[in-house]
Amino acid sequence: MALLCCTITICILPIAPIHASDSIVSVARTGNSTNPNNTIDASTADSTIPNNNTEASTVDSINASDIIDTSDIYSEEYFFSALPIVFSATRLAQPISETPVAMTIIDKEMIEASGAMKIADLMRLVPGMQVSNYTGDKYFVTYHGRADLYSRSLQVLVDGRSIYDPVIGGVSWIDLPLAMEDINRIEVIRGSNAAAYGSNSFSGVINIITEHPSQQHGTLVKTTISDRQTRKILARNAGTIGNLDYRITLNYDEGEGLKNRYDDSTNKWMSFRGEYNIDPSNQISFQTGFSSGTHDEGIPNHSFQIPRETNNSSSFQQIKWTHITDNNSEYSLHFFHNYKELDDTYNFQYDWEFDPVNFAGVTLPIDLTTGFSYASNRYELEFQHTLKPLPDLRMVWGAGIRHDNSKSPETLNQKSAAVRNQLHAFINTEWKPSDSIAINFGAMLEKYEGFSGLFSPRVALNYSLNQNHTLRISSSRAYRMPNVWEEQIDLQIDLVNGPPAYQLHKTIGTPNPEKIDSIELGYMATFQAVPLTLDMKLFKEKISPTINYAWDSSTNCPTCLFSSGAGNFNNDGIIKINGLEIQADLKATANTNIHAVYSYLDASGWQVSGYDSSGLPREYVDIDRVVPKETYGILASHRFDNGIQISTGFYHTGATTWLDPGDETDSYNKWDFRIAKKFNLPDSTIDVAAILHNITDSDYQEYYKENQAQREFHLQVGVEF
C-alpha cells in the first residue's frame, strides 16, 4: 500500500512525499554517517526527496532544520504525509497543504508528457496563467492578464537566482541558458509573494529548480528537428571529481519563426553547475553560464519597427555558501551577477508628407535612425538564517543588498548609466499551535534609492479538517517598483547624422510603485480511493495605482523637428479582479495521469491609454478584455507496459486585448500530442519522441493579429551513456 500511495502522490501533486521505504540518503554525501547532526545540507544535498524519475528530486534550498532534526522538528506522521514538500512559498520547507498561497508543481514527468519545446510553454499547465509568443521564438508569461511584451509583474527564479530584467522588466526566456532536460521541477506560486521575494513578485513567482549534478552522472546527447526548419542539439556531461559534483551543458538551436513574420533565430549557450562539500557542515554551490544569439525582429506594417536583425548576449555567475550548525540551524550567503546586452540600433526610411495645402500632398523620403539597445548589470548579495526557536515555531530571516546599473544612450537619452541601489530585509514564520492549525506570517521591507520604503506583509491561516481536507485563508499586500524604462525612458527617432525628428517615448515624472491588495480562500482535498487531488482558490485582488503605458498628445519635444506627443508611463488606473481557480490531478490507472486546470477571472476598473493635447484622459483600456475571462487545460498521459508513452494536451485561452503594442485576439484552442519510446541498452539509453503541436492546424492568433499559428511536427532523439 505504501508503494501505491507513493505512485498516487507523484501523479496528483507532482512531488512525491517521503515514505518509510524511501530512505533519505545524502546523494551529496553530507547526510551520512560522517554528518554528526544527521542533517540535510541546503546547498549541496539538493536531491533528497524521492520522486518517480530519479532516486531524489532536486531542491534548491532544503534547510537542515526543515527536513531532519534530532530535536524532533516533525513527527513521524509528517514524513508519511500524502502531500508533497515545497520550498518556494515562505523559504521554509512545508507540506503544500500548509503553505500560505496556492501553488502548482510541474515535475519532470509532466514536463516530458507536455511535449513543450519552450520552458514558457509549460505555464499553460498552471491555472490563471496565459502564455503568448510575439515572435516565433520569443514568449512571455503572465498571471491574470494585463501583459504587454514584458510581463513585468511576475518573478522568475532559477535555483534561487532572480532572472528578472531590471531595464525592461519581465524575463527574456530565449536568452535563458537552461535546458528542460536539466529541470527537476518548477514550483509556481499563484499569487503575490513579495513577503518572501520582494517587489518583482507582485502577481506570482515561478521557481525553476534544476537537478543536482550527482543525479545526472554520464553524458547525454539530444537532437531535435522539425518541419519549421528547427534544428537543435544539446550535450551534457555530469560527474564527480573528489568532493565536487559537476554538470556542464551546451546547446545550439536555430529555426524559422511564425508564418507571415520576419522572426528567424539562432541561439547558443553554455551552463555549468558545481557542488563542493568542504566538510559535513559547509558546502559551496557555484554556477555560471552565457548565451548569445541573433534574432530577426520587426512588427508587420509598422511605421518604424521595420524588419531587422538584433543581437543578444547574456551571462551570469552565482555562488552560495551554506553552513549547518550543531543546533540544527542553517546560515547561507548567496551572491549572483546577471549581465545582458541587446544590440538593436538601426536606420530606416520614412515618407514625410508635406502640408497638402501648400505642397499639394508631396512626400519626401527622409532617413531616420533609432533603436532599443541597452546593457544592464545586476549584482545581489543576500544573507539568510533558518532556525527553530520554539518547538512549534519555525522561522527564516535575512537581509540583502542589490545594485543595478543600465546603460542605453538611445532609450534613456543619456550617456551615463542609470543606477539603482536597493536594501531589503525579510522574515517568514510558521507557528503550529496544534496539529490541525498552521499560521504563517511573513514580511519584506525594501528601500530603493530615491523612493520611500516598501513594506509587504502577508498572513495566512491553514486549518486541517482532517488529514485529507484543508482550508486556507490569507491576505497580503505587495508592491512593484517601476523598472528603468518605466521610470526614465526618453526615446527619440533622429535624422541620420542629424537632430531628433520625433519623440517616441518619454516618461514625465517618476511613476509610483504599483500596489496590490489580495485576499484568498483556498481548499485542498485528497481522495485516496479515487485517487484524486483537488485544489480550489477563490480570490479578490485590487491593484491601485497601476503603472500603465499611454500615448500623451500634450507631450512636447522642443528640440524635435516634428512633435505630436509621445508615449509615457503613468499611474492612472485602478483594477479589481475576482476569480476562481481549480486544479485537479487524477491517477486514472497505475500508468495513467491526468492534470486539469481551470480559471475564471472577472475584472473591472479603468486604466488610461491616451491623453489629448490638453493632457486630459481621452482613451481607456477595456479592462474586461485585458484580463481573459476563461482559461483551461488538460494534460493526460499513459505509459504502456512495453515502454511506449503517449500524452496529449488541450489548452484554451479566452479572448484577450494585449497591451501596447499588442492587438485584440479572439479565444483559441491548442491541441498537442506526443508519443515516445525508451530503449534500454547494456551501456546506454535511447529516447525517441515524436511531437505534434496544434494538431488541428488551427490558425489562431497570439498577441499580434499577424501571428498566425500553424501545425508543427518535432522529432527528438536522445542518447544517454
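Predicted model, so just to flag it, every value in this text is computed and none were measured.

## Notes on the overall build of the protein
(1) Moving on: Per the secondary structure count, the protein includes 8 helices and 42 strands.
(2) Moving on: Long-range pairs, those at least 24 residues apart, make up 63% of the contacts in the protein between residues at least 6 apart in sequence.
(3) Moving on: Approximately 27200 Å² of the protein is accessible, and the part contributed by carbon and sulfur atoms is 57%.

## So, the pattern of salt bridges
(1) Moving on: Using the criterion set out here, one finds 36 salt bridges in the structure.
(2) Moving on: A salt bridge links D535 to R190; the nearest nitrogen and oxygen atoms lie 4.0 Å apart. In this pair, D535 sits in strand β30 (residues 532-543) while R190 sits in strand β10 (residues 183-190), placing the two residues 345 residues apart along the sequence.
(3) Moving on: A residue is classified by how much of its surface remains accessible, and R190, at 0% relative accessible area, is buried.
(4) Moving on: Among the charged side chains, a salt-bridge network with shared partners connects R146, D148, R152, R480, E486 and E514.

## Some thoughts on the packing of aromatic side chains
(1) Moving on: Under the definition given, this model contains 19 aromatic pairs.
(2) Moving on: With a centroid separation of 5.4 Å and 85° between ring planes, the pair formed by F140 and W658 is classed as edge-to-face. Placement of F140 in strand β7 (residues 139-143) and of W658 in the loop between β38 (656-657) and β39 (664-665) is noted, with a sequence separation of 518 residues between them. Of the two residues examined, F140 and W658, each falls in the buried class.
(3) Moving on: What links up through ring pairs into an aromatic cluster is the set Y134, F140, W658, Y703 and Y704.

## With respect to the sheet that holds strand β8 (residues 154-158)
(1) Moving on: Read across the open sheet, the 5 strands follow the order β5-β10-β11-β8-β9; overall the sheet is mixed. The open sheet has two edge strands, β5 (102-107) and β9 (161-162), and neither has a second partner.
(2) Moving on: Pairing geometry for β8 and strand β11 (residues 204-210), over 5 bridges, is parallel. In the strand pairing of β11, V156 is matched with I206.

## Overview of the state of the cysteines
(1) Moving on: With the rule as written, the count across this model stands at 1 disulfide.
(2) Moving on: A sulfur-sulfur distance of 2.0 Å marks the disulfide that ties C557 to C560. Looking down the S-S bond of the C557 and C560 bridge, the torsion is 65°, so its handedness is right-handed. The pair formed by C557 and C560 is uniform in burial state, with each residue classed as buried.

## Brief notes about a nonpolar patch on the surface
(1) Moving on: On the surface, Y276, I278, I319, W321, L333, F335, Y379, L381, I401 and L423 cluster together to form a nonpolar patch covering roughly 840 Å² of accessible area.
(2) Moving on: Following the sequence through the fold, F335 ends up in strand β18 (residues 330-343).
(3) Moving on: Under the relative-accessibility criterion, F335 is labelled partly exposed at 31%.

## A few points about the nonpolar core
(1) Moving on: Ranked by size, the top nonpolar core spans 32 residues in total, and within it M123, W173, I206 and I208 carry the most contacts.
(2) Moving on: Elements supplying a minimum of two residues to this core: α4 (108-114), β6 (129-133), β7, β8, β10 and β11.
(3) Moving on: Setting aside its immediate chain neighbours within four residues, I208 contacts I119, V156, L157, V158, D159, W173, L178, I183, R185 and I186.

## Description of unusual backbone geometry
(1) Moving on: Residue V530 is joined to P531 through a cis peptide bond whose omega torsion reads -10°.
(2) Moving on: Note that P531 resides in the loop between β29 (514-527) and β30.
(3) Moving on: With an omega of 0°, the peptide bond running from S544 to P545 counts as cis.
(4) Moving on: Within the secondary structure layout, P545 lies in the loop between β30 and β31 (548-552).
(5) Moving on: Even without glycine at this site, N413 takes up a positive phi of about 55°.
(6) Moving on: Note on placement: N413 falls in the loop between β22 (393-407) and β23 (418-434).
(7) Moving on: Take N413: its relative accessible area is 42%, and that puts it in the partly exposed class.

## Structural notes on the pairing of β7
Working note: regular strand, side chains alternate between the two faces of the sheet.
(1) Moving on: Along β7, 5 of the 5 residues are buried, which leaves the element largely enclosed by surrounding structure.
(2) Moving on: As consecutive antiparallel partners, β6 and β7 are separated by 5 residues.

## A word on the pairing of strand β12 (residues 218-226)
(1) Moving on: Sheet topology note: the β12/strand β13 (residues 231-241) ladder contains 8 bridges and is antiparallel. Paired with T223 across the bridge in β13 is I233.
(2) Moving on: Here β12 hands over to β13 after 4 residues, with Q229 in that stretch at a positive phi of 60°.
(3) Moving on: The pairing of β12 with strand β42 (residues 712-720) spans 7 bridges and is antiparallel.

## Quick notes on the side chain of E702
(1) Moving on: Looking at the element boundaries, E702 is found in the loop between β41 (685-693) and β42.
(2) Moving on: Once residues within four sequence positions are removed from consideration, E702 is found in contact with R124, V131, S132, N133, T665, Y668 and N707.

## Some thoughts on the side chain of R394
(1) Moving on: Here R394 lies in strand β22.
(2) Moving on: A distance of 2.8 Å separates a polar side-chain atom of R394 from the backbone oxygen of A93.

## Quick look at the confidence of the model for the protein
(1) Moving on: Confidence along the protein averages 86 in pLDDT terms, with 87% of residues attaining 70 or more.
(2) Moving on: Segment residues 1-81: pLDDT under 50, and 235 contacts once partners within four positions in sequence are set aside and those in other chains are kept.

## Notes on the environment of I319
(1) Moving on: Relative to the helices and strands, I319 is located in strand β17 (residues 308-324).
(2) Moving on: A residue is classified by how much of its surface remains accessible, and I319, at 40% relative accessible area, is partly exposed.
(3) Moving on: Sequence separation of I319 and R273 is 46 residues, and the distance between their C-alpha atoms is 9.8 Å.
(4) Moving on: Discounting residues that sit within four places of it in the chain, I319 has contacts with I284, S285, F286, L333, H334 and F335.

## Notes on the environment of V156
(1) Moving on: Inspection of the secondary structure puts V156 in strand β8.
(2) Moving on: Taking relative accessible area as the criterion, V156 reaches 1% and is therefore assigned buried.
(3) Moving on: Put simply, V156 and G204 are 48 residues apart on the chain and 8.7 Å apart in space, counted from C-alpha to C-alpha.

## Here we look at the environment of N267
(1) Moving on: In this fold, N267 is placed in strand β15 (residues 265-279).
(2) Moving on: With sequence-adjacent residues up to four places away left out, N267 is seen in contact with I174, N251, Y252, D253, S291, S292, G293 and H295.
(3) Moving on: Polar side-chain contacts of N267 include one of 3.1 Å to the backbone oxygen of I174.

Reading guide: rules and limits
Residues numbered from 1 in each chain as written. Predicted model: local features only at pLDDT ≥ 70, side-chain atom pairs only at ≥ 80, totals over all residues. Heavy atoms only, no water. Helix = DSSP H or I, 4+ residues; strand = E, 2+ residues; numbered from the N terminus. Contact = heavy atoms within 4.5 Å. Areas by Shrake-Rupley, 256 points an atom, 1.4 Å probe, with all protein chains shown as cover. Salt bridge = Lys/Arg side-chain N within 4 Å of Asp/Glu carboxyl O. Buried < 20%, exposed > 50% of the residue type's maximum accessible area, 1.4 Å probe, protein only. Phe/Tyr/Trp six-rings, centres within 6.5 Å; stacked < 30°, edge-to-face > 60°. Pairing = 2+ DSSP bridges. Disulfide = S-S within 2.5 Å. Patch = residues over 30% accessible without salt bridge, like charges linked within 9 Å, V, L, I, M, F, W, Y side chains within 5 Å. Core = buried A, V, L, I, M, F, W, Y, C linked by side-chain atoms within 4.5 Å. Polar contact = N/O pair within 3.5 Å; in protein donor to acceptor, adjacent residues only side chain to side chain. pLDDT = per-residue confidence, 0-100.

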